[in-house]
Each structure stands twice: as C-alpha cells, then as structure tokens.
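Read off the chains here:
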Amino acid sequence: MSGGTGGGAGAERMRKVCIVGASGKLGQYMVRHALERGYEVVGVCRERSVPKLAAFQGRMTIVPGFTNDPDVIRRAVAGCDGVLTVLVPWGVRQYASGTAQAVLDHARPGARLVFSCGWHITRDGKDTYSRWFKAGVWLAARLGRLLRAVEIDDQVEACRRVFASDTRWTVVRGSSLEEGESQGLPVWSGHVGDPVLASNLTRRVDFALFMVAALTDDTLVRQAPAIVGRRTPSALAHAGGLDMPRG
Ligand SMILES: NC(=O)c1ccc[n+]([C@@H]2O[C@H](COP(=O)([O-])OP(=O)(O)OC[C@H]3O[C@@H](n4cnc5c(N)ncnc54)[C@H](OP(=O)(O)O)[C@@H]3O)[C@@H](O)[C@H]2O)c1
C-alpha cells in the first residue's frame, strides 16, 4: 500500500485552480475543499447546472458550458496552476475523452492535472478484479450503450490519452462511493486487488479531498492511485499490520 498525499514541494505553487465538472456531487465537494485551502477557484459546468453552485456565489468564478468544448476549457483554465477534472461516461458523444483532451490541450505547461474515474480504469493491466466487479462493469457498459446513456469505453479512452500525455497528471481511481461525514484522506494502492482496497468503499467527500490534496503532492505525478476510505475494515486491517494509512 502507499500512504496518503504528503503535500510538500507543490504547495507553494498552487494559487488558482479550475474544477471541470464543478456542479456534480464530487465537483461541489472539491469546490468546498479548494476554497478552504484558500485557492482562487474557477468552475466549469453545463449552463443549466449553474444554479447548483449558488451556495458558492461570490466565492468562485463560473464558466458555463460543456466541458468537452475546447473554447470553454481554454477560457476556464487560463492562469490556473492546477485543474481538477471529473471524467464521467455520460452520453454517447465522446464526452469524457473530449473533456480530457481539451484540458490536456489548454492547461498551461507544468500545471498539475488531476482526473477522477473509477477502479475499472487500468493503467498497466496489472489490476485484478473480482468476477462480480467485472460482470458489473460489463453490464453497465452494455446497458449504457443500449440505452445510449453511458459510454464506459470513452472514459477508458479519456484515461488512455491522459496516461500517454507528457503533462503532470494524476488519475484518481475511486472505489464505490457513499455519502457521509469525512473520515479523512483515503489510503491508496497502485493496483486494484491489493488487500488494502478490499472494502471497496470511500466517502465521496473524501474522494474530493484526495483529488484536491493531489494537486500539491508531487509524489502522485504520473500515478493512478486506486483509493479506499481510511476507516474501512480493509484499510484499518492494513494499518494494524504493516503500515498506518497516512493523511
Ligand atoms: N458513482 C460512483 O459510485 C463512482 C464510483 C467510482 C468512481 N466514480 C467516479 O467519480 C466521479 C464522479 O462521479 P459521481 O457518480 O459521483 O457523479 P457526480 O459527482 O454527481 O458528477 C456527475 C457529473 O456528470 C455531469 N453529467 C451528468 N449527466 C450528464 C450528461 N448527460 N452530459 C454531460 N454531463 C453530465 C454532471 O454535470 P451536471 O451537474 O451539469 O449535471 C456532473 O458534472 C466520476 O469520475 C466517476 O467515474 C463514481
């Protein structure tokens, strides 16, 4: 297992951050964490979702538009030291890969780019999945395509482009999610299948915490951490044995 995000060298460089997909559940938690850290925040969301950010009125800038629109992203990421991007497989028009590509193309060179996705994304093919997990992903992909609602393959393509880029990226791979009070920074492993991840559950608020903390953690550059809640049985079992989950 690998420990939490230690912060450090990147911290003093982070002043202004863009949150792409700010109006969703994960996005709103990230806005809150970023504001708490004193960052200047720019959010991108669909025009019709702007009201979802009303609670942050006056504390952030909103650039309304589709997140896969290169012009929207170019304007939103201007001058940003970090970009947090929610990659979602919704729709059947390459929304995730278009969003990732726009961020990769327009973020300033050297900016920290942190992307969200799920455990189903593999970077090196060394993740091991239970039969149930694989069946669930297969079913979601088939049903999603049938209903023209979800395009899991395109989220895979989005991450492939991120992994292939020479930017300072991190792809955070979320477990199953639940709502609830923060339990602190999740713990992570480089590979799904590692016993520390067995509980397969993270609070959404803590997924967001990890995303924001990754901005200033240079040890996570070009890593694809798979995360799990630090108070879950598998994380605690590991903490009692070899290593304490750090945060
Ligand atoms: N849900 C899970 O159990 C789970 C598990 C593991 C990993 N993850 C990852 O966690 C991240 C957040 O997922 P979430 O499920 O918690 O969702 P979420 O935070 O609520 O975000 C959903 C996002 O998708 C946008 N969206 C919804 N419908 C759309 C459409 N038809 N076209 C374009 N955009 C649309 C939303 O924008 P609006 O606000 O404009 O609607 C919002 O930005 C994702 O990267 C996901 O892969 C989720």
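The shown structure was predicted, so the numbers you read here are calculated from the model rather than taken from an experiment.

A.B. asks: Requested: an account of the overall build of the protein, with residues and values cited.
C.D. replies: The helix and strand tally for the protein stands at seven helices and ten strands. Its C-alpha atoms give the protein a radius of gyration of 17 Å, within 12% of the compact-globule value 18 Å for 247 residues. Overall, the C-alpha framework of the protein stretches about 45 × 45 × 35 Å when taken along its three principal axes. Residues counted as buried form 47% of the 247 residues belonging to the protein. Put simply, of all contacts in the protein between residues at least 6 apart along the chain, 76% involve residues at least 24 apart.

A.B. asks: Before we move on, could you go through the site of the ligand and cite the residues and values that matter?
C.D. replies: Surrounding the ligand, one finds 23 residues, the nearest of these being Ser23, Gly24, Leu26, Ser49 and Gly174. Across the shell around the ligand, the residue classes break down as nine nonpolar, ten polar and four charged.

A.B. asks: A description of helix α1 (residues 25-36) should follow, citing residues and the corresponding values.
C.D. replies: Look at α1: 17 Å from first C-alpha to last across twelve residues, which is about the 16 Å you get at 1.5 Å a residue. For α1, the set of buried residues is Leu26, Gly27, Gln28, Tyr29, Met30, Val31, His33 and Ala34. Where α1 is buried, its residues meet β1 (16-20), β2 (40-45), β4 (82-86), β5 (112-118) and α6 (204-214). Looking one or two residues beyond α1, the residue adopting positive phi is glycine 38, at roughly 85°.

A.B. asks: Tell me about the nonpolar core, residues and numbers included.
C.D. replies: Ranked by internal contacts, the top residues of the largest apolar core, which has 71 residues, are Val17, Cys18, Ile19, Met30, Val83, Val103 and Met211. No other element matches α6, which puts nine residues into this core. In this structure cysteine 18 touches Val42, Val44, Ala76, Val77, Cys80 and Val83, once residues within four positions along its chain are discounted.

A.B. asks: Requested: an account of the confidence of the model for the protein, with residues and values cited.
C.D. replies: When pLDDT is averaged along the protein, the result is 93, and 92% of the positions lie at 70 or above. Taken as a whole, residues 242-247 scores under 50 in pLDDT and shows 15 contacts with residues more than four places along the chain or in a different chain.

A.B. asks: I'd like a description of helix α2 (residues 70-77), backed by residues and values.
C.D. replies: Listed as buried for α2 are Val72, Ile73, Ala76 and Val77. An end-on view of α2 places all buried positions within 110° of arc, on one side of the element. Each element contacted by the buried residues of α2 is listed here: β1, β2, β3 (61-64), β4 and α3 (95-106). Positive backbone phi, at 75°, marks glycine 79, one or two positions downstream of α2.

A.B. asks: Could you give an account of the environment of threonine 122, naming the residues involved and the relevant values?
C.D. replies: Mapped onto the elements, threonine 122 comes out in the loop between β5 and α4 (131-146). Here threonine 122 falls in the partly exposed class, since 18 other C-beta atoms lie within 10 Å of it. For the pair threonine 122 and alanine 102, spaced 20 residues apart in sequence, the C-alpha separation works out to 22 Å.

A.B. asks: Could you give an account of the environment of valine 86, naming the residues involved and the relevant values?
C.D. replies: The residue valine 86 is located in strand β4 in this model. The class of valine 86 is buried, set by 24 C-beta atoms lying within 10 Å. Each C-alpha atom, one on valine 86 and one on aspartate 124, is 21 Å from the other, the two residues being 38 residues apart in sequence. Apart from the residues lying within four places of it in its own chain, the contact partners of valine 86 are Val20, Gly21, Gly24, Leu26, Gly27 and Ser116.

A.B. asks: Can you lay out the UniProt feature "domain: NAD(P)-binding" (unreviewed entry) in the protein for me, pointing to particular residues and giving the numbers?
C.D. replies: Residues given the UniProt feature "domain: NAD(P)-binding" (unreviewed entry) here are residues 21-217. With 37% helix and 18% strand, residues 21-217 has end C-alpha atoms that lie 22 Å from one another.

A.B. asks: Describe the packing of α1 against α6, with residues and values.
C.D. replies: Close contact between α1 and α6 brings their axes to 8 Å; oriented N to C, the two are set at 55°. Taken together, the axes of α1 and α6 are oblique relative to one another. Here the hand of the crossing between α1 and α6 comes out right-handed. Taking contact as the criterion, the partners of Lys25, Leu26, Tyr29, Met30, His33 and Ala34 in α1 are, on α6, Arg204, Val205, Phe207, Ala208, Leu209, Met211 and Val212. Class assignment for the residues of the contact of α1 with α6 results in ten nonpolar, one polar and two charged.

A.B. asks: Quick rundown of unusual backbone geometry? Include the residues and the values.
C.D. replies: A negative phi angle is the norm for most residues apart from glycine, just as the trans form is the norm for most peptide bonds. Positive phi values are uncommon outside glycine, yet glutamine 94 reaches one of about 50°. Its place among the elements puts glutamine 94 in the loop between β4 and α3. Even without being a glycine, arginine 148 presents a positive backbone phi close to 55°. Looking at where arginine 148 falls in the secondary structure, it is placed in the loop between α4 and α5 (152-164).

What counts as what
Residues numbered from 1 in each chain as written. Predicted model: local features only at pLDDT ≥ 70, side-chain atom pairs only at ≥ 80, totals over all residues. Helix = DSSP H or I, 4+ residues; strand = E, 2+ residues; numbered from the N terminus. Rg over C-alpha atoms; globule rule 2.2 N^0.38 Å. Buried ≥ 20, exposed ≤ 12 C-beta atoms within 10 Å, placed from the backbone. Contact = placed C-beta atoms within 7 Å. Near = placed C-beta within 6 Å. Nonpolar A, V, L, I, M, F, W, Y, C, P; charged D, E, K, R; others polar. Expected span 1.5 Å × (residues − 1). Core = buried A, V, L, I, M, F, W, Y, C linked by C-beta atoms within 7 Å. pLDDT = per-residue confidence, 0-100. Arc of directions from axis to C-beta. UniProt positions renumbered as here; feature names shortened; annotations may be inferred. Axes fitted to C-alpha atoms, helices over the stretch in contact; angles between N-to-C directions. Parallel < 35°, antiparallel > 145°, perpendicular 65-115°, else oblique. Left-handed = near helix turned anticlockwise from the far one by under 90°.

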